[in-house]
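Structural overview
Here are the chains, one letter per residue:
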Amino acid sequence: MIFDTTMRDGELTPGIKMNLQEKINIAKLLEAMGVDVIEVGYPGRYEKDFAEIFTISQLIGNSTICGLASANQEEIISVAEAIKPAYRGRIHTYALVNLSGQSQLEKEQVLEKIKVSVSLARNYCDDIEWSAFDATRSEPDFLCKSIETAIQSGATTVSIPDSLGLASPEEFSQLLQRIFNQVSNIDQAIISVHCHDDLGLAVDNSLIALNCGVRQIECSINGLGARKGNADLAKVVSEIINQKHFQLEVDTSLISNVSELVSQISKGSSEKIVS
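Predicted model, so just to flag it, every value in this text is computed and none were measured.

The rules we used
- Residues numbered from 1 in each chain as written.
- Predicted model: local features only at pLDDT ≥ 70, side-chain atom pairs only at ≥ 80, totals over all residues.
- Heavy atoms only, no water.
- Helix = DSSP H or I, 4+ residues; strand = E, 2+ residues; numbered from the N terminus.
- Buried < 20%, exposed > 50% of the residue type's maximum accessible area, 1.4 Å probe, protein only.
- Contact = heavy atoms within 4.5 Å.
- Phe/Tyr/Trp six-rings, centres within 6.5 Å; stacked < 30°, edge-to-face > 60°.
- Polar contact = N/O pair within 3.5 Å; in protein donor to acceptor, adjacent residues only side chain to side chain.
- Core = buried A, V, L, I, M, F, W, Y, C linked by side-chain atoms within 4.5 Å.
- Arc of directions from axis to C-beta.
- Disulfide = S-S within 2.5 Å.
- Axes fitted to C-alpha atoms, helices over the stretch in contact; angles between N-to-C directions.
- Parallel < 35°, antiparallel > 145°, perpendicular 65-115°, else oblique.
- Left-handed = near helix turned anticlockwise from the far one by under 90°.
- Nonpolar A, V, L, I, M, F, W, Y, C, P; charged D, E, K, R; others polar.

**Some words on unusual backbone geometry**
Leaving glycine out, the prevailing phi sign among residues is negative, and the prevailing peptide bond configuration is trans. The residue asparagine 222 is not glycine, and still its phi comes out positive at about 60°. Along the chain, asparagine 222 turns up in the loop between strand 8 (216–219) and helix 8 (233–243). Since its relative accessible area comes to 32%, asparagine 222 is described here as partly exposed. Its identity as a non-glycine residue notwithstanding, arginine 227 has a phi of 55°, on the positive side.

**Overview of the side chain of serine 159**
Tracing the chain through its elements places serine 159 in strand 6 (residues 157–162). The contact partners of serine 159, leaving out residues within four places of it in the chain, are Glu129, Trp130, Ser131, Ala132, Ser192, Val193, His194 and Glu218.

**Thoughts on the packing of aromatic side chains**
All told, the structure shown has 4 aromatic pairs when counted by the stated rule. Here the aromatic rings of tyrosine 42 and tyrosine 46 are separated by 6.3 Å at their centres, their planes lie at 85°, and the arrangement is edge-to-face. A relative accessible area of 4% places tyrosine 42 in the buried class. Centroid distance tyrosine 94 to phenylalanine 133: 6.2 Å. Interplanar angle 50°. Geometry classified as tilted. Linking tyrosine 94 in strand 4 (residues 89–96) with phenylalanine 133 in strand 5 (residues 128–133), this pair joins segments that are 39 residues apart in sequence.

**What about the side chain of histidine 196?**
Examined against the element boundaries, histidine 196 turns out to sit in the loop between strand 7 (190–195) and helix 7 (202–210). Side chain to side chain, histidine 196 and asparagine 230 meet in a polar contact 3.4 Å long. If near-sequence neighbours (up to four positions away) are discounted, histidine 196 is found in contact with Asp9, Asp162, Ser163, Leu164, Gly165, Ala202, Ala226, Arg227, Gly229 and Asn230.

**Concerning the nonpolar core**
Ranked by internal contacts, the top residues of the largest apolar core, which has 83 residues, are Ile2, Trp130, Ile147 and Ile160. Contacts of isoleucine 147, omitting those with residues within four sequence positions, involve Trp130, Val158, Ile160, Ile179, Val183 and Ile186.

**Brief notes about helix 8**
Among all positions in helix 8, only Leu233, Val236, Val237 and Ile240 are buried. Looking straight down helix 8, one finds that the buried residues subtend no more than 95° of arc, so they occupy a single side. Opposite its buried face, helix 8 presents the exposed residues Lys235 and Asn242, each directed more than 90 degrees away. Positive phi shows up at lysine 244, right after helix 8, with a value of about 70°.

**As for the state of the cysteines**
One pass over the full model with this rule turns up 0 disulfides. For the unlinked cysteine cysteine 66, the closest cysteine sulfur is that of cysteine 125, found at 8.9 Å. Cysteine 219 supplies the cysteine sulfur nearest to cysteine 195, a cysteine that is in no disulfide, at a spacing of 10 Å. Taking the relative accessible area as the measure of exposure, cysteine 195 reaches 0% and is therefore buried.

**Digging into the packing of helix 5 (residues 140–152) against helix 6 (residues 169–182)**
Describing two packed helices takes the angle between their axes plus the distance from one axis to the other. Helix 6 packs onto helix 5 with a crossing angle of 50° between their chain directions and a minimal axis gap of 10 Å. Looking at the two axes, helix 5 sits oblique to helix 6. Here the hand of the crossing between helix 5 and helix 6 comes out right-handed. Within the contact between the two elements, helix 5 uses Pro140, Asp141, Leu143, Cys144 and Ile147 and helix 6 uses Leu175, Arg178, Ile179 and Gln182. Among the residues making up the contact of helix 5 with helix 6, the classes are represented as 6 nonpolar, 1 polar and 2 charged.

In structure tokens:
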């Protein structure tokens, strides 16, 4: 599965802002390409994202429309309301799991927060993704317990992000193998990865994850995203197709169209800031 976050994480690229019509144009192309999940925004943090998710939810029928929320109740409800018109909708919620040096009580409080937030989201939607923010720098045992809790609470997809883009492919592979071996209910959810490109390894880490059992890759057009960006969708898709032993339903003939569209939007955003 290909999860595109161009419109959400891509807007964290310095100088990049997309308006409603630009997001509609991107979403329509992504749907035509066959992208499985389109993450449109973070309505609990950015007011304009609510209208964008709500509008795009009415226009897209094949791809799943997704919004991001923290474990905060109001943010989760905001996404639930925004995706209400969607034929296929997803609430994507997250919690920080890098609790090195924290007490057992504080860890138990985080596990309870995961349980409550995922359960709340599941009350509104059957398709729930939970992300273990800063997974690669967390204590592996606590990370595994967090994942197990999220799945028990109703998460249908669990994402293991390299949030700061600091893991090597070897380190990332070892962590994923440990998760698949240690989390007892791992087979009850689709496991995803979200890799940042701070060390230039986002695509490599995404691809090596497939060999560990991961079945969703989160990426963006032209690699847009926070700091050095995300895994580039075109590179990810191309490499998966070349491997031949994974099935991928993406129309590659449209990738250059959406890449050019996003480039034009990015250039326009930069020119507005300069002027």
